[in-house]
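Structural overview for review
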Amino acid sequence: MSNPSILILPGDGIGPEVMAQVTRIIDWYGEKRDLAFDVSTDLVGGAAYDAHGVPLHDDTMAKAMEVDAVLLGAVGGPKYDNLDFSVKPERGLLRLRKEMDLFSNLRPAQCFDALADFSSLKKDLVAGLDIMIVRELTSGVYFGEPRGIFNEGNERVGINTQRYTESEIERAARSAFELAMVRSKKLCSMEKANVMESGILWREVVNRVAADYPEVELSHMYADNGAMQLVRAPKQFDVIVTDNLFGDILSDCAAMLTGSLGMLPSASLGAPMDNGRPRAMYEPVHGSAPDITGQAKANPIACILSFAMALRYSFAEGAEADRLEAAVEAVLADGVRTADLLGEEGVTPVSTSEMGDAILAALDASL
Ligand code: NAD
Ligand code: IPM
Ligand code: MN
């Protein structure tokens, strides 16, 4: 049988910097664990625009549909801020999500013990935190029609539309209930059913799906209260399910609970392919971080943990995912810190590749 295939799309800014460390880890699995992957690399975002005039070439899109998993770094940056909206780097990422139909975006926020002091919250509020945000990723206000900037009388109007069908809500909800079943059987759904019809429908459909999961304790919360509760007492949550825009915002918020945006991975999953694997893309939650690009400062952990999620969800290598996560934890426990994780006096930050070195050494030590 041929090796499982991975398409790597490093993207822009710190994307290629953090992805270089992931590539070393993929190689390590081939050499040390007899777990070889067929890896190909292509362009996305501003890098694709520079080469082809579009943020995602049709050939790249076609490749993404053929492989077993896509790993993406980050897209965007100031160089591309004034481009026409239709060719902005972010459009390349959104096209991948939409055409691969990756409706379920898993964004775990886990506070490693060694980092409990780095959270902007008090240590006892975040120590041991382990929550999973399930963000609907292919619909809602990101994609709803009508959209655009139109003339209206003597001024312009910008329009986006929040739109959800019952089936879109149902499949996102179902994936969240499935996760709740293998975690602590607790699910909180967030919307704004008090002001939005799409929120009313969201709550109704989630309640309907709940009938198939009688063991799961389901609660509902308005998303604004949810944001407040996430910073007041985050450990009250286990799995959270929410729409595309609320999920975008709430997951950045949850990221800071863990110490740094540079720590948070994600998996974007769709329906099973012919080979039984889910169509999938793995990417850190953070962006291209233009403020630190080219300075070897970027924390590669979010991207590395995204590969751990690929091991778990695409390649059924849960034990190897555990190994990689444990290696990251061991390195953090040893006090190895990139610049985003500095707080303690007298600690010198390591570079992106030195963090990669440390994680590879911890992987070696795990054998
Ligand atoms: P950002 O996530 O790029 O950066 C926010 C802050 O977090 C910055 O101070 C940055 O230095 C820091 N940071 C982020 N990742 C880090 C890491 N791995 N290590 C250390 N520090 C890190 O968000 P932004 O500044 O709002 O956006 C910059 C660009 O990235 C924009 O063009 C935006 O559209 C794009 N973006 C892309 C993605 C993606 O590709 N998935 C996600 C978010 C933003
Ligand atoms: C994210 C990002 C993206 C989003 C952008 C870059 C399109 O912020 O993945 O969280 O808004 O979904
Ligand atoms: Mn975001």
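Residues numbered from 1 in each chain as written. Chains lettered and ligands numbered in written order. Predicted model: local features only at pLDDT ≥ 70, side-chain atom pairs only at ≥ 80, totals over all residues.

Counted only if it meets this: UniProt positions are given in the numbering used here, feature names are shortened, and annotations may be inferred rather than shown by experiment.
An unreviewed UniProt entry lists the protein under the name 3-isopropylmalate dehydrogenase, with Parasedimentitalea denitrificans as the source organism. On record in UniProt, under Sequence similarities (unreviewed entry), the comment for the protein is "Belongs to the isocitrate and isopropylmalate dehydrogenases family. LeuB type 1 subfamily."

**Details of the overall build of the protein**
Put simply, the rule reads: Strands are runs of DSSP state E lasting at least 2 residues, helices are runs of H or I lasting at least 4, and numbering of each runs from the N terminus. Atoms counted for the radius of gyration: C-alpha only. Globule rule: 2.2 Å times the number of residues to the power 0.38. Two residues qualify as a contact pair if the distance between their C-beta atoms, derived from the backbone, is within 7 Å.
Assigned secondary structure in the protein consists of twelve helices and twelve strands. Taking 2.2 N^0.38 as the reference for a compact globule, 367 residues should give roughly 21 Å; the C-alpha atoms of the protein span a radius of gyration of 20 Å, in line with that estimate. Its C-alpha atoms give the protein principal-axis dimensions of roughly 60 × 50 × 50 Å. The contacts in the protein between residues at least 6 apart in sequence include a share of 74% that link residues at least 24 apart.

**Regarding the nonpolar core**
Put simply, the test is: Each nonpolar core comprises buried Ala, Val, Leu, Ile, Met, Phe, Trp, Tyr and Cys residues, the members being joined through C-beta atoms within 7 Å. Exposed residues have 12 or fewer other C-beta atoms within 10 Å of their own C-beta, buried residues have 20 or more, and residues in between are partly exposed; the C-beta atoms are placed from the backbone. Domain start and stop positions are those given by an automatic or database domain assignment.
Of all hydrophobic cores here, the largest spans 105 residues; its most connected members are Val70, Leu71, Ile240, Ile304 and Phe307. Taken together, domain 1 (1–102 + 275–367) and domain 2 (130–257) each give at least three residues to this core, which thus spans both. With residues up to four places along the chain from it excluded, the contact list for isoleucine 240 reads Ile131, Ile133, Val134, Cys188, Met190 and Leu250.

**Concerning the domain arrangement of the protein**
Looking at the protein, the domain boundaries give domain 1 (1–102 + 275–367) and domain 2 (130–257). For domain 1 and domain 2, the distance between their C-alpha centres works out to 26 Å. Counting from both sides, the interface comprises six residues of domain 1 and, opposite them, seven residues of domain 2.

**Considerations on the UniProt feature "binding site: substrate" (unreviewed entry) in the protein**
Those residues carrying the UniProt feature "binding site: substrate" (unreviewed entry) are Arg97, Arg107, Arg135 and Asp224 in this numbering. Spatial dispersion of the annotated residues is evident: they stretch over 128 residues in sequence, and the largest pairwise C-alpha distance comes to 25.8 Å. Mapped onto the elements, arginine 97 comes out in helix α4 (residues 89–99). With 21 C-beta atoms counted inside 10 Å, the residue arginine 97 sits in the buried group. Ignoring anything within four residues of it in the chain, the contact list for arginine 97 reads Leu102, Leu137, Thr138 and Ser268. For arginine 135, the location among the structural elements is in strand β5 (residues 130–136). Assessed through the 27 C-beta atoms surrounding it within 10 Å, arginine 135 is described here as buried.

**Quick look at the site of ligand 1**
Keep this limit in mind: Defining nearness, a residue is near a molecule or strand when the C-beta atom obtained from its backbone falls within 6 Å of it. Just so you know the grouping, Ala, Val, Leu, Ile, Met, Phe, Trp, Tyr, Cys and Pro go in nonpolar, Asp, Glu, Lys and Arg go in charged, and all remaining residues, Gly too, go in polar.
Near ligand 1, the surroundings consist of 22 residues, among which Gly76, Gly262, His286, Gly287 and Asn299 are the closest. When grouped by side-chain class, the residues that make up the shell around ligand 1 number eleven nonpolar, seven polar and four charged.

**Regarding the site of ligand 2**
Residues in contact with ligand 2, as listed here, are Gly76, Glu90, Leu93, Leu94, Asp248, Val285 and Gly287. Per-element tally for the shell around ligand 2: the top contributor is α4, with three residues. Looking at the shell around ligand 2 residue by residue, the class counts come to three nonpolar, two polar and two charged.

**Some thoughts on the pairing of β5**
So the rule is basically this: One bridge is not enough; two strands pair if DSSP finds at least two bridges between them.
The element β5 is largely enclosed, with a buried count of six among its seven residues. Note: strand β4 (residues 104–110) against β5, seven bridges, orientation antiparallel. Bridging from a neighbouring strand, arginine 107 pairs with isoleucine 133 of β5. Looking at chain direction, β5 and strand β10 (residues 239–242) are connected through four bridges and run parallel. Bridge pairing in β10 places valine 134 opposite valine 241.

**Let's talk about the UniProt feature "binding site: Mg(2+)" (unreviewed entry) in the protein**
UniProt annotation of "binding site: Mg(2+)" (unreviewed entry) refers to Asp224, Asp248 and Asp252 when read in the numbering used here. In summary, the annotated positions, though distributed over 29 residues, converge in three dimensions, the widest C-alpha pair being only 14.1 Å. Position of aspartate 248 relative to the elements: it lies in helix α9 (residues 244–257). Residue aspartate 248 is classed as buried on the basis of its 20 C-beta neighbours within 10 Å. You can see aspartate 252 is positioned in helix α9. Since 15 C-beta atoms lie within 10 Å of it, aspartate 252 is described here as partly exposed. Once residues within four sequence positions are removed from consideration, aspartate 252 is found in contact with Leu261 and Val285.

**Some details on unusual backbone geometry**
Here the residue pair glutamate 145 and proline 146 is connected by a cis peptide bond, since its omega of 0° sits within 30 degrees of zero. Checked against the element boundaries, proline 146 lands in strand β6 (residues 144–152). A positive phi angle, close to 60°, is found at lysine 185, a residue other than glycine. Tracing the sequence through the fold places lysine 185 in the loop between α6 (166–182) and β8 (186–191).

**A look at the packing of helix α8 (residues 223–232) against α9**
Here is the rule: Simply put, an axis is a line fit to the C-alpha atoms, just over the touching stretch for a helix, and the angle between two N-to-C directions goes from 0 to 180 degrees. Here roughly perpendicular refers to angles of 65 to 115 degrees, roughly parallel to angles under 35, roughly antiparallel to angles over 145, and oblique to all remaining angles.
Contact geometry for α8 and α9: axes closest at 10 Å, N-to-C directions at 10°. Taken together, the axis directions place α8 and α9 in an arrangement best described as roughly parallel. In this structure, α8 uses Ala223, Gly226, Ala227, Leu230 and Val231 to contact α9, whose residues at the interface are Phe246, Leu250, Cys253 and Ala254. Of the residues contributing to the contact of α8 with α9, the split by class is eight nonpolar, one polar and no charged.

**Digging into the sheet that holds strand β2 (residues 38–41)**
Strand order in this open sheet of ten strands is β2-β1-β3-β12-β11-β4-β5-β10-β8-β9, and the pairing throughout is mixed. Among the strands making up the open sheet, the edge pair consists of β2 and β9 (217–222). Across the sheet, the mean angle separating the axes of adjacent strands is 20° when strand polarity is ignored. Here helix α1 (residues 15–32) sits on the sheet in contact with β1 (5–11), β2 and β3 (69–74), set at roughly 145° to β3. Across the sheet, α8 touches β8, β9 and β10, and the angle it forms with β9 is around 105°.

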